[in-house]
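# Remarks on the overall topology
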Amino acid sequence: MLFLNRRGLMGSVSCRSCGHVIKCPHCDVSLSLHRNKKLICHYCGYEEDEAKTCPSCGSKYIGGFKAGTEKIEDAVKETFPGVRTLRMDADTTKGKTGHQDILNAFANHEADVLIGTQMIVKGHDFSNVTLMGIMAADMSLNAGDYRGAERTFQMITQAAGRAGRGEKPGRVIIQTYQPDNYSVLAASKQNYDEFYETESAFRSMMNYPPFCHMLSVQITSEKESDAAGKAKLLGEFIKSKNYGVLIFGPQDAGIAKLKDVYRKVIYLRDADYNRLIQIKDDLEKQLLDENKYRTAHVSFDFDPTNGF
C-alpha cells in the first residue's frame, strides 16, 4: 500500500482563540510542528521550541493541525497493529542515497505500507501495490495559482497510477474537501478528455495561458519600504503608458517575505506576446535610473509556471 500526503509536515500552529499563526521571523510562511516539539521553517531552516501559549493573546488554546506523514504513520500503526511502515519525506531522505534506500527497502518487501509526500508519486513501479491512499488531494486548488486544477489532476492521476501495476487490480482512495471539483472528479475517473475540455473552457473565459500570455514583474528588497516603493513606481509607469493590457498589482507575492527579503509582484496579461516583450524592454530602460531603483532587484518571467 502507498499513502500519499500532500504536505509531509505535522502542520502549522495556530491559536484557537485569536487565530494567530506562528510564522518564521525571516520568511512569510508558517512554522511547522515536528515530533521533536520543534517549530521549523522549511524554507530557511529557522527553528524554535513549541509554543505553550499564544504569543499574541496569551491563550493556552494553541496547537498544530497535525496531518503530516509522521502523524499518518502513527495512525496507520495504531489502526493496524504489527504493520510495517516506511516513511519517505524531507526528513527521512536527507542522505545522498536516502530516496533510493527507502524505495529499495519497499521493493524488497521490508514494509507493508509506504507513506510519503509527492516524491513517491512519479516513476515508481511496484507490482504488489494494490491500494493507494491520497490525503488532502485538493490542496493545490487553494494555492492561488491558475494552474491549481491542472496540478491537482496531474497529482491524482499520477498517484493513482502507482496501484495495480502488476497482475492484481488496484484501488485508489481520495480524501478531499472538494469532491465535486471538476479536476478531482475527472481524475477519479482517469478522464483526461473531460478535464481538458473543462479546463480549456475555464482558461479561455478567464484569459489565462495558453489563450493569452502573462508577464510577471518581480520586485524584491531587504527593506519592505523599498520593495513597496519601487513596485509602486513601476506600476505607475506601466499605467501611464496606456499599453492596453490587463494589470494586476503591485501586490504582495505569494510568499511576501522569504529569508528576510520582501517580495512584490505585478502581473500583466495580454494576447499579444510581443506587446509584453515591449513592456519588459521599456521597464528595463526605466531600471537604468539607479537613483530610483538601486535599492531593489527587479526580474521578469513570461508565462510563469510557478507562483512568485
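Residues numbered from 1 in each chain as written. Predicted model: local features only at pLDDT ≥ 70, side-chain atom pairs only at ≥ 80, totals over all residues. Heavy atoms only, no water.

### A look at the overall build of the chain
The helix and strand tally for the chain stands at eight helices and 14 strands. For the C-alpha atoms alone, the extent of the chain along its principal axes is close to 70 × 50 × 40 Å. Taken over 308 residues, the chain has a buried fraction of 44%. Partitioning the contacts of the chain with sequence separation of at least 6, the portion at a separation of at least 24 is 66%. With the model as given, the accessible surface of the chain reaches about 16500 Å², and the carbon-plus-sulfur share is 48%. (Helix = DSSP H or I, 4+ residues; strand = E, 2+ residues; numbered from the N terminus. Buried < 20%, exposed > 50% of the residue type's maximum accessible area, 1.4 Å probe, protein only. Contact = heavy atoms within 4.5 Å. Areas by Shrake-Rupley, 256 points an atom, 1.4 Å probe, with all protein chains shown as cover.)

### Here we look at the layout of surface pockets
If you add up the space inside the second largest pocket, you get close to 190 Å³. Around the second largest pocket, the lining is made up of 13 residues, and of these F106, H109, A111, N128 and V129 lie nearest the centre. Of the residues in the lining of the second largest pocket, the class split is six nonpolar, four polar and three charged. (1 Å grid on protein atoms, 1.4 Å probe; cavity = no way out; pocket = protein on both sides within 12 Å on 5 of 7 lines; lining within 4 Å. Points joined across faces, edges and corners; volume = space filled by probe spheres on them. Nonpolar A, V, L, I, M, F, W, Y, C, P; charged D, E, K, R; others polar.)

### Structural notes on a nonpolar patch on the surface
Together, F202, M205 and M206 give the surface a local cluster of nonpolar side chains, amounting to about 280 Å² of exposed area. Turning to its location among the elements, F202 is positioned in helix α5 (residues 192-206). (Patch = residues over 30% accessible without salt bridge, like charges linked within 9 Å, V, L, I, M, F, W, Y side chains within 5 Å. Salt bridge = Lys/Arg side-chain N within 4 Å of Asp/Glu carboxyl O.)

### Examining the sheet that holds strand β5 (residues 47-49)
With antiparallel pairing, the three strands of this open sheet are ordered in space as β3-β4-β5. Strands with a single pairing partner mark the edges of an open sheet, and in this sheet they are β3 (32-33) and β5. (Pairing = 2+ DSSP bridges.)

### Considering the pairing of strand β13 (residues 261-270)
Among the 10 residues in β13, eight count as buried, and that is most of the element. Of the pairings in the sheet, the one linking strand β11 (residues 213-221) to β13 comprises nine bridges and is antiparallel in character. Each bridged residue has a counterpart across the sheet, and for Q218 the counterpart in β13 is V265. Note that strand β12 (residues 246-258) and β13 share seven bridges and pair antiparallel. Bridging from a neighbouring strand, L258 pairs with V261 of β13. Between β12 and β13, which pair antiparallel one after the other, the connecting turn spans two residues, and K259 there sits at a positive phi close to 55°.

### Regarding the sheet that holds strand β14 (residues 297-302)
In spatial order, the strands read β12-β13-β11-β14; together these four strands make up an open sheet with antiparallel pairing. In this open sheet, the two strands that pair with only one neighbour each are β12 and β14. On average, each strand axis in the sheet is inclined to that of its neighbour by 20°, with strand direction left out of account. Here β11 pairs with β14 via six bridges, running antiparallel. Residue pairing for β14: Q218 is matched across the bridge by S299. Against the sheet, helix α6 (residues 224-240) contacts β11, β12, β13 and β14, and its axis sits at roughly 15° relative to β13. (Axes fitted to C-alpha atoms, helices over the stretch in contact; angles between N-to-C directions.)

### A word on the pattern of salt bridges
Summed over the entire model, instances satisfying the criterion amount to 13 salt bridges. Note that E73 and R87 form a salt bridge whose closest N and O atoms lie 3.2 Å from each other. Here E73, found in helix α1 (residues 69-79), pairs with R87, found in strand β7 (residues 85-88); they are 14 residues apart in sequence, far enough to count as distant. Given a relative accessible area of 9%, E73 falls into the buried group. We classify R87 as buried; its relative accessible area is 14%. Measuring nitrogen to oxygen at the nearest pair gives 3.2 Å for the salt bridge that ties D270 to R275. Given a relative accessible area of 33%, R275 falls into the partly exposed group.

### Digging into α5
Between the first and last C-alpha of α5 there are 21 Å, a value that for 15 residues agrees with the 21 Å anticipated at 1.5 Å per step. Of all the residues in α5, the buried ones are F195, E199, S200 and R203. Taken around the axis of α5, the buried residues stretch over an arc of 125°, which confines them to a single face. In α5, the exposed residues that point more than 90 degrees away from the buried face are D193, E197 and M205. Contacts from the buried residues of α5 go to α3 (148-160) and α4 (182-188). The distance from a side-chain oxygen at the start of α5 to the backbone nitrogen of D193 is 3.3 Å, and the residue carrying that oxygen is N191. (Expected span 1.5 Å × (residues − 1). Arc of directions from axis to C-beta. Polar contact = N/O pair within 3.5 Å; in protein donor to acceptor, adjacent residues only side chain to side chain.)

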